[in-house]
Amino acid sequence: MDNLTYGFHLTAFSSSTEYHQLLFFVILLIYLIGVLGNILIITSVIIDNCLHTPMYILLSNLSLVDIIFNSSTLPKLMDILLTENDSISFLQCFIQLYFYMFAASTEDILLSLMAYDRYVAICNPLHYQLIMNKKKYVLFLLSTWISGCANSLFLPFSIYQLDLCPSNKIQHFFCDIKALDKITCSHTQFYILLYIESVVLGLFPFLLSLTSYIKIILIILRIRSSSGRKKAFSTCTSHLAVLIIFYGVALCMYVNPPSEHFEKQDLVFSLMYTAITPMLNPFIYALRNKEVKGALLRIFKIIKTKIT
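How each quantity is defined
- Residues numbered from 1 in each chain as written.
- Predicted model: local features only at pLDDT ≥ 70, side-chain atom pairs only at ≥ 80, totals over all residues.
- Heavy atoms only, no water.
- Buried < 20%, exposed > 50% of the residue type's maximum accessible area, 1.4 Å probe, protein only.
- Disulfide = S-S within 2.5 Å.
- Helix = DSSP H or I, 4+ residues; strand = E, 2+ residues; numbered from the N terminus.
- Axes fitted to C-alpha atoms, helices over the stretch in contact; angles between N-to-C directions.
- Parallel < 35°, antiparallel > 145°, perpendicular 65-115°, else oblique.
- Left-handed = near helix turned anticlockwise from the far one by under 90°.
- Nonpolar A, V, L, I, M, F, W, Y, C, P; charged D, E, K, R; others polar.
- Phe/Tyr/Trp six-rings, centres within 6.5 Å; stacked < 30°, edge-to-face > 60°.

**Student:** In this structure, what is going on with unusual backbone geometry? I would like to understand it.
**Tutor:** Note on backbone geometry: most residues besides glycine have negative phi, and most peptide bonds are trans. The phi angle at Glu84 is positive, at roughly 60 degrees, despite the residue not being glycine. Judged by its relative accessible area of 52%, Glu84 is exposed.

**Student:** Quick question: what am I supposed to make of the state of the cysteines here?
**Tutor:** Defined simply, a disulfide is a covalent bond joining two cysteines at their sulfur atoms. The final tally for this structure, using the stated rule, is one disulfide. Between the sulfur atoms of Cys93 and its disulfide partner Cys175 the distance amounts to 2.0 Å. Its S-S torsion of approximately -130 degrees makes the covalent link between Cys93 and Cys175 left-handed. Of this pair, Cys93 sits in helix 3 (residues 90–123) while Cys175 sits in the loop between strand 3 (169–170) and helix 6 (177–180); the two residues are 82 residues apart in sequence, bridging distant segments of the chain. Just as Cys93 is buried, Cys175 falls in that class too. Unpaired in terms of disulfides, Cys123 finds its nearest cysteine sulfur in Cys236, a separation of 9.3 Å.

**Student:** It is not clear to me how the packing of helix 1 (residues 20–47) against helix 2 (residues 54–83) should be interpreted in this structure. Could you clarify?
**Tutor:** Between two packed helices, both the angle of their axes relative to each other and the distance between the axes serve to describe the pair. In contact at an axis separation of 9 Å, helix 1 and helix 2 are set at 160 degrees when each is read in the N-to-C sense. On the basis of their axis angle, the class for helix 1 and helix 2 is roughly antiparallel. The way helix 1 lies across helix 2 gives a crossing that is left-handed. Of the residues assigned to the contact of helix 1 with helix 2, the class counts are 23 nonpolar, seven polar and one charged.

**Student:** I'm lost on the packing of aromatic side chains in this one. Help?
**Tutor:** Within a pair of aromatic rings, the relevant descriptors are the distance that separates the centres and the angle that separates the planes. In the structure shown here, the tally under the stated rule is 17 aromatic pairs. Both rings, one in Phe206 and one in Tyr247, keep their centres 5.0 Å apart while their planes meet at 65 degrees; by these two values the pair is edge-to-face. Of the two residues, Phe206 sits in helix 7 (residues 187–222) while Tyr247 sits in helix 9 (residues 237–254), which places them 41 residues apart along the sequence. Taking relative accessible area as the criterion, Tyr247 reaches 11% and is therefore assigned buried. Where Phe246 meets Tyr273, the ring centres are 5.5 Å apart and the plane angle is 35 degrees; that geometry is what we call tilted. Linking Phe246 in helix 9 with Tyr273 in helix 10 (residues 263–288), this pair joins segments that are 27 residues apart in sequence.

As structure tokens, this is what we get:
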């Protein structure tokens with residue numbers, strides 16, 4: 001650890017500085033759109049009484065997690081692009097890893113809870129209020145945030161205990177687990193930790209989401225009228241789209257083995273995972289959901305009335 005007292009260098013964008021300013025403004029725009037879009041979702045759920053239901057409360061929590069997701073990685077990337085200062089202290093690196101892991105694991109669990117909520121709404125509509133009562137979904141949310149916090153403490157702290165190689169160069173734009181693997185000498189211990197992480201807070205939530213949607217699709221296929229099938233499926237299309245994007249990009253990002261051949265691909269998928277996906281989520285829900293669109297329109301009308 002002594003040779004890493006002064007921290008690391010994030011070298012993903014150090015090879016060429018030709019388009020750094022342009023990329024900075026693109027990332028800044030994506031960041032601002034993502035943060036403002038998610039703030040609008042949170043505000044609409046808080047203000048509009050019609051959205052005080054489990055589905056939208058879970059959605060507002062997802063938006064809050066997306067803001068943390070964006071803010072854990074993109075500000076440092078913009079600093080690198082604008083000032084070419086790619087250094088990050090040892091403490092800052094692990095704080096960044098903490099918030100990134102916190103957002104990723106919490107969103108993973110939240111998406112599975114949202115899938116379960118849609119399963120109950122479609123497969124057990126008469127018992128929905130009983131199953132998804134206030135006490136239960138508040139308990140779900142508390143468990144989700146506590147689990148995400150505990151996981152994000154466990155993994156960075158465990159990596160902190162491992163032996164790091166003399167190199168202080170991280171081939172990434174943030175302190176990602178996969179990038180840290182290249183400067184970790186204790187590869188066996190590292191992969192054991194990563195395996196535990198992947199199974200507990202990756203595979204289990206994914207299987208819950210997958211099981212929920214298999215049952216949803218089976219129930220929808222049993223509905224005789226096409227309008228009934230369309231109405232039932234429309235209630236979960238937004239969440240399904242977010243789920244596919246989240247897991248699709250995550251698989252592309254982490255399934256590839258760590259090697260120089262995949263470095264550029266990893267960089268592209270990492271940008272999509274940390275920047276594009278959190279930005280798209282509020283748009284997907286706002287454009288595909290009548291209740292959210294209605295709430296946003298009512299908020300804009302109130303703002304317009306106060307201004308005039």
